[in-house]
Amino acid sequence: MKQQFPDTHHDVSSTTIFGFWVYLMTDAVMFATFFATYVVLQGGTFGGPGIRDIVHLPFVLTETLLLLASSFTCGIAMLGVPKRETTKVIFWFFVTFVLGLIFLGMEFFEFNRLTADGHNWQTSAFLSAYFTLIGTHGLHIVAGLFFLPFFLAQLWRCGFSAAILRRLTCFRIYWQFIYLIWIFTFTIVYLIGVK
Amino acid sequence: MNKLVKFAFFLLILLSAVFIGLVVLNIENIAVLSPEGMIGQKQSNLLVLSIYLMLIIVIPVFILAWFVVWKYEVSKKHTDYDPEWNHSTIAEIIWWGVPCIIVIILGVMTWKGSHALDPFKPIVSDTKPLRIQVVALQWKWLFIYPEQNIATVNFIQFPEKTPIAFEITSDAPMNSFWIPDLGGQIYAMSGMKSQLHLIADGIGSYRGLSANISGDGFSGMTFVAQSSSLEDFEEWVASAQNSPDPLNFQSYRELAKPSSYNVPAIYQLGEEGLFDWIVMKYVMPMPAHKEKGMNHVFPTY
Amino acid sequence: MFFQHIKVRLAAIEYSDIFGRLTLEAFKHDAIEASVGISIIFGSIILVAVLTYYKLWTWLWTEWLTSVDHKKIGVMYLVVTVLMLFKGVVDALMMRAQQVLSVGDSFGYLTSSHYQQLFTAHGTTMIFFVAMGAVAALMNIIVPLQIGARDVAFPFLNNLSFWLFAVGASLLMVSLMIGEFSGAGWVGYPPLSGLEYNPGVGIDYWIWSLQISGIGSLLTGINFLVTIFKMRCPGMTLMKMPLFVWSVFNSVILIVFAFPILTATLAMLSLDRLLGMHFFTSDFGGSAMMYVNLIWAWGHPEVYILILPAFGVFSEVVATFSEKRLFGYVSMVWALISITILSFLVWLHHFFTMGAGPNVNTFFGFMTMIIAVPTGVKVFNWLFTMYKGKVHLTNPILWFLGFVFIFTIGGMTGVLMGVAPVDFQVHGSLFLIAHFHSMVVGGVLFGLIAGYVYWFPKIFGFKLNEKLGEYAWFCWMFGFLLTALPLYALGLMGATRRMDHYEASTGWAPLFVVAAIGAIIIFCGIGFQVLQLLVSFKERNKNRDLTGDPWNGRTLEWTTSSPPPVYNFAFIPEVKDRDAFWDQKQTGIPLHGEYKEIHMPKNTPLGFYIGVLSFTFSFGLIWYMMWLAAISFVGIVVCILLRLFDQHTDFYISAAEVKKIEEQTLKNKRFV
């Protein structure tokens with residue numbers, strides 16, 4: 001695969017990955033906005049349930065551990081890249097995928113439970129902010145899980161091309177980022193909220 | 001130098017002179033610069049002083065701009081053309097430093113002024129303040145006098161030289177309560193109580209309005225603020241208390257329906273705590289009231 | 001169940017499965033709106049007819065719409081910008097006319113509802129589609145040339161950004177014909193913009209117009225940040241970049257940090273409206289004040305995003321036309337950086353009157369005043385550039401001088417309003433309107449027009465007619481002053497903004513007449529600019545720029561032919577000093593070796609397709625045609641996947657071809 005603009009002695013990889021970091025920065029600012037809104041509106045329960053009334057900490061802790069594990073297996077997968085160990089890479093990314101999927105399943109379950117109990121996003125500002133913040137994070141997980149199989153399929157068919165290396169690196173950075181956002185969520189929404 | 005540029009320059013000076021001249025000659029008609037109340041007066045003084053301070057920078061900028069064009073225009077003889085000269089430490093110190101000093105002075109003025117002219121700060125006076133509660137509706141202003149038990153629409157009267165303590169809320173989109181002749185404005189927001197303290201120095205009739213778009217009838221949200229003698233005020237209150245129209249939950253509900261360019265109206269206040277109820281219904285689910293339809297918060301227009 | 005819940009919200013408003021809430025009512029308009037809609041359709045039909053008659057469709061598609069060339073993308077931005085400028089100015093003229101006529105017993109010729117849509121559309125158009133569009137245009141065309149690069153970092157994203165921008169503009173234009181536009185002002189405060197007070201489609205059109213074009217802007221920001229960081233030619237350190245590039249660099253840093261706030265805020269407002277959430281509702285715990293804070297946390301950096309490139313243009317123009325180095329380069333760079341940082345610390349000055357209290361107000365007021373210091377520093381540095389220089393009173397310099405007057409006055413009134421208690425008396429009045437128009441017209445617009453005139457020969461290969469440009473400038477300058485000065489006075493007299501009627505007893509009518517005359521003169525100025533374009537095009541052979549350097553320029557873009565070849569530089573330049581080209585002229589143009597083949601990105605239709613699908617996605621959400629939104633979303637994902645898995649996204653221009661192109665232009669260049 002030929003590199004673009006060889007004359008400018010900047011290879012595509014470093015440019016693309018730098019650009020991806022910049023994109024993640026913008027994503028961070030967007031999440032910051034949702035966080036700020038959540039913090040301001042968490043008291044806006046209009047007489048209804050607050051964070052303490054709807055949270056089950058053990059459940060959330062399990063979710064956190066799942067996502068941590070997923071992040072960890074992602075790292076293991078990337079370790080196989082320099083040695084071009086295709087099977088190892090694909091396997092550990094697959095585990096990452098499954099762990100992420102279980103995380104999503106748990107979030108879905110929690111949303112269902114809340115809705116069934118009558119605590120939906122129309123009930124109060126607090127719940128709107130809660131569903132939106134957690135939901136946006138969840139949608140980011142969905143996006144990551146959506147693209148991963150395509151990358152793995154490409155890897156399987158075409159091997160470790162420059163493009164694949166770029167994409168896997170970007171995915172890894174993305175996955176760590178999304179885990180970092182979860183840490184913030186866990187702390188700001190659940191831990192501080194329930195204290 | 002090109003004729004058009006020369007002409008433009010003279011026209012600019014002429015236009016500026018005419019503008020400043022017209023403002024100075026008509027200053028009595030310019031509410032913010034010739035207010036009729038102490039609060040407005042202090043704000044106006046701050047405005048004028050700030051402008052003078054900034055002119056210390058602005059006028060040299062204009063003179064310099066004119067000078068460099070006049071002296072260094074390409075058709076003139078150039079004895080001191082210096083294409084590489086691009087730095088002067090002294091100049092940088094001056095034009096970073098002097099504006100900083102002026103900004104610090106303005107900053108101190110802002111600090112003092114913001115505290116002295118805080119809308120929530122009551123006016124210090126021997127006279128007991130008059131309390132008026134203000135509700136922004138679509139698209140008129142409702143005024144409640146809790147101590148006199150009267151209410152008005154699009155009209156208020158108060159005695160001169162008496163501090164007025166406004167409490168302001170909205171049962172409509174965000175509005176801004178403003179009487180330019182007397183002083184600055186403050187937002188009227190649902191579920192919240194803003195405050196504004198004003199005082200009229202003399203007798204007069206002043207224009208009040210909303211300064212934040214709230215829908216179709218927004219431009220019609222003007223009201224009359226009448227400053228009168230104490231006797232006239234008390235007479236007016238007495239006649240208002242005999243008004244045939246009561247303002248209670250039912251008539252309030254009617255009043256709150258969208259209408260614009262409302263003519264002034266006067267009510268007897270039939271419901272104590274109406275103002276607080278209007279504020280609170282956005283904050284907490286209110287218990288069902290005896291009157292039909294008042295237990296649900298979404299206005300049914 | 002979770003998904004049933006989504007349906008519940010939408011079911012609360014009447015809508016059908018196929019057409020959503022789109023009914024024939026949406027096509028009914030009053031005479032004025034209808035005539036505008038009809039002229040748009042008419043104009044489109046004529047355009048289609050011309051393209052078909054001259055068989056230009058293929059050319060349009062392959063050369064322009066699918067182009068990833070930053071120069072062509074910049075020109076497309078310019079075209080959309082000019083069209084939207086017309087719309088915005090017509091909106092303004094209609095408002096001026098209404099304010100002349102609607103006094104006392106007369107209510108003018110516009111309904112309140114129409115008037116509200118006008119000022120909302122005017123602000124939205126001018127900020128998002130004229131100012132942002134012109135900034136994007138200049139950024140796109142000039143930055144790669146000035147840093148000695150062949151293109152931007154992500155050419156496909158660049159094309160996509162343009163189409164998202166165009167889609168945002170299209171949504172606004174379509175709202176003229178199908179449905180209505182928002183009437184809640186260009187920043188759309190709730191509760192007015194919420195479901196309770198505005199359940200119709202207007203606000204939704206506004207939201208999606210901004211949301212889609214906002215994503216385009218964000219992508220542009222990322223693109224240019226990476227480009228400037230990573231793709232400067234050898235020798236061009238950050239402190240050797242032209243000031244225009246520095247200003248764009250700071251502007252895109254602002255974009256990258258500010259636009260996500262807009263994305264999130266608009267998303268929350270649309271969640272309130274679509275799914276019945278309560279972020280910004282009056283009740284159920286919502287906080288309209290939160291929206292005000294968030295929208296201005298974006299909104300203030302936004303106006304600096306617009307002005308910084310204009311400052312950059314002036315830095316280029318003043319230095320070139322004074323035949324002198326820009327004064328205080330380092331100081332100018334630090335001024336830009338301090339403005340960038342400070343612009344995130346002033347947002348509350350947009351709502352001192354919301355009651356934050358004296359301490360908070362003082363902090364933000366003080367920050368607002370501080371930001372005037374680096375701005376003033378820049379003005380002094382420009383003037384000192386002219387000092388001891390040889391000042392050519394060309395068109396761009398005239399625009400600069402106009403800026404010095406108008407922008408300084410506007411800046412002064414801005415600092416004035418930073419004194420919070422003073423702001424209490426002028427907030428939301430016509431004084432405020434006059435202030436910010438002084439900044440955006442006198443600052444942003446004058447700067448971008450100066451850039452347009454200055455770089456026109458580089459982009460199109462021939463100069464613009466000077467005389468007509470002078471007349472245009474004169475009309476803009478004095479037309480603007482005639483409009484703004486009465487408005488400053490009216491604000492001080494207690495006239496609020498967004499007012500569609502006032503009492504005769506105020507005595508304001510004559511001032512509105514003067515303002516209207518000013519607006520008409522501005523319109524004449526635009527007329528001169530259109531005439532200038534047509535006349536210059538007709539006389540283009542007389543005014544051709546054959547050397548690539550019509551102004552005796554100082555920076556690298558002037559080393560290329562006019563217009564530059566598709567690859568910009570046959571040999572990537574090596575730079576030793578600031579004002580790289582000027583330096584080369586003094587020390588000698590470096591020689592080059594053998595021509596080499598050049599690697600170029602291929603054109604692609606995917607940006608266009610994603611754009612169209614974004615339009616249908618937004619249209620679907622606006623009108624509750626959920627199937628349309630769903631299919632469009634899937635389509636967008638498919639396009640992204642297609643792009644990701646396309647292995648043939650670039651090609652090579654052979655060395656022989658490069659040699660041919662270069663030798664054709666080389667013999668015209670003055671300095672060889």
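Our structure is the block above this text.
Residues numbered from 1 in each chain as written. Chains lettered and ligands numbered in written order. Predicted model: local features only at pLDDT ≥ 70, side-chain atom pairs only at ≥ 80, totals over all residues. Heavy atoms only, no water.

What follows is about the overall build of chain A. From N to C terminus, chain A includes six helices and zero strands. When the helices and strands of chain A are listed from N to C terminus, the series reads α-α-α-α-α-α. When its C-alpha atoms are laid out on the principal axes, chain A stretches across 65 × 35 × 25 Å. Burial status across chain A gives 55% buried among its 195 residues. Carbon together with sulfur atoms contributes 71% to the accessible area of chain A, which is approximately 8,300 Å² in total. Mean positive and mean negative side-chain charge positions of chain A (11 and 9 charges, respectively) differ by 11 Å. (Helix = DSSP H or I, 4+ residues; strand = E, 2+ residues; numbered from the N terminus. Buried < 20%, exposed > 50% of the residue type's maximum accessible area, 1.4 Å probe, protein only. Areas by Shrake-Rupley, 256 points an atom, 1.4 Å probe, with all protein chains shown as cover. Lys, Arg positive; Asp, Glu negative; His and termini not counted. Charge placed at Lys NZ, Arg CZ, Asp CG, Glu CD.)

The next subject is the sheet that holds strand β3 (residues 150–153) of chain B. Residues and elements named next belong to chain B. Taken in spatial order, the seven strands make up an open sheet running β8-β5-β1-β2-β3-β12-β11, and their pairing is mixed. Two strands in the sheet have a free side with no partner beyond their single neighbour: β8 (194–198) and β11 (246–247). Here strand β5 (residues 164–170) pairs with β8 via five bridges, running antiparallel. Among the inter-strand pairings, I168 is bridged to a residue of β8, identified as S194. (Pairing = 2+ DSSP bridges.)

This part takes up the packing of aromatic side chains. Residues and elements named next belong to chain A. For the structure on display, the rule yields 104 aromatic pairs over all chains. Seen from their ring centres, Y38 and F126 are 6.1 Å apart, and the 55° between their planes marks the pair as tilted. Note that Y38 is positioned in helix α1 (residues 12–41) and F126 in helix α5 (residues 125–158), a separation of 88 residues in sequence. Neither Y38 nor F126 differs from the other in exposure class; each is buried. (Phe/Tyr/Trp six-rings, centres within 6.5 Å; stacked < 30°, edge-to-face > 60°.)

Attention now goes to the interface of chain A and chain C. In this assembly, 49 residues from chain A lie in contact with 51 residues from chain C. Approximately 4,600 Å² of surface area, both sides summed, lies buried where chain A meets chain C, with 76% of it carried by carbon and sulfur atoms. Our count for the chain A to chain C interface comes out at zero salt bridges. Counting the contacts that link chain A with chain C gives seven residue pairs in polar contact (both at pLDDT 80 or more). Listing elements by their share of the side of chain A that touches chain C, those giving two or more residues are α1, α4 (86–116) and α5 of chain A. With 17 residues, α1(A) is the largest single contributor of residues to the side of chain A that touches chain C. (Contact = heavy atoms within 4.5 Å. Buried area = accessible area lost by both parts, 1.4 Å probe. Salt bridge = Lys/Arg side-chain N within 4 Å of Asp/Glu carboxyl O. Polar contact = N/O pair within 3.5 Å; in protein donor to acceptor, adjacent residues only side chain to side chain.)

Contacts between chain B and chain C engage 95 residues on the former and 101 residues on the latter. Both sides of the chain B and chain C interface together cover about 8,800 Å² of buried area, and 73% of this is carbon and sulfur. Taken together, chain B and chain C are joined by two salt bridges. Those elements that place two or more of their residues in the side of chain B that touches chain C are α1 (3–25), α2 (38–72), α3 (89–116), β7 (183–188) and β9 (204–210) of chain B. The element best represented in the side of chain B that touches chain C is α2(B), accounting for 18 residues. Tallied by class, the residues present in the side of chain B that touches chain C amount to 60 nonpolar, 26 polar and nine charged. (Nonpolar A, V, L, I, M, F, W, Y, C, P; charged D, E, K, R; others polar.)

Turning our eyes to something else, we now look at the sheet that holds strand β6 (residues 175–179) of chain B. Residue and element names in this part refer to chain B. With mixed pairing, five strands are arranged side by side in an open sheet as β4-β10-β9-β6-β7. If you trace the sheet from one side to the other, it starts and ends with β4 (155–159) and β7, each paired once. Here the average twist between neighbouring strands, direction ignored, is 20°. (Axes fitted to C-alpha atoms, helices over the stretch in contact; angles between N-to-C directions.)

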